[in-house]
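Architecture at a glance
One letter stands for each residue in the lines below.
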Amino acid sequence: LTHRRAGEDRVPINSLLAVGALHQHLIMAKLRTRVSIIVEGADAFEVHHFCTLLGFGADAIFPYLCYLSLLRVRNCELSLKERIENFRHANDFAILKVMSKMGISCLQSYKGAQLF
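Residues numbered from 1 in each chain as written. Predicted model: local features only at pLDDT ≥ 70, side-chain atom pairs only at ≥ 80, totals over all residues. Heavy atoms only, no water.

Before going further, it helps to examine the nonpolar core. Ranked by internal contacts, the top residues of the largest apolar core, which has 19 residues, are Val19, Val39, Leu53, Phe87, Ile95 and Tyr110. Elements supplying a minimum of two residues to this core: α1 (15-28), α2 (47-55), α3 (64-71) and α4 (80-101). For Val39, the contacting residues outside a window of four places in its chain are Leu1, Ser15, Val19, Leu53, Ala58, Ala60, Ile61 and Phe62. (Core = buried A, V, L, I, M, F, W, Y, C linked by side-chain atoms within 4.5 Å. Buried < 20%, exposed > 50% of the residue type's maximum accessible area, 1.4 Å probe, protein only. Helix = DSSP H or I, 4+ residues; strand = E, 2+ residues; numbered from the N terminus. Contact = heavy atoms within 4.5 Å.)

Taken as a whole and assessed by the stated rule, the structure comprises two salt bridges. Here Arg4 and Glu40 are joined by a salt bridge, their closest N and O atoms 2.7 Å apart. With Arg4 in the segment before α1 and Glu40 in strand β1 (residues 38-40), this residue pair connects regions lying 36 residues apart in the sequence. Residue Asp59 pairs with Arg32 through a salt bridge whose shortest N-O separation is 3.2 Å. Taken as a pair, Asp59 in the loop between α2 and β2 (60-62) and Arg32 in the loop between α1 and β1 lie far apart in primary sequence, 27 residues in all. Residue Arg32 is classed as buried on the basis of its relative accessible area, which comes to 14%. (Salt bridge = Lys/Arg side-chain N within 4 Å of Asp/Glu carboxyl O.)

Shown next, in the form of structure tokens:
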């Protein structure tokens, strides 16, 4: 699922809505175990967004707008690779923290559970 082709004629749908609908459809069609849902979204840019996308069934998230904004950071001595690694590490840690507060120890238990 991607937002990259959005434009005047193509209005993007919220990633969470699309992931939830696709996840439920695949479950009803008994195909969910055969399909991975990868989100390439512009609307996922903070930990809460990542957690809800994972909770509603996303298998991977590529927040391309966040990476573009990291590219345009000024007055920073870190390379782009280091900035992206720091961003990923911080979000991985935050997702684990959210899961641990809910008593969940592995991502597989959290993914698609819709515990919200």
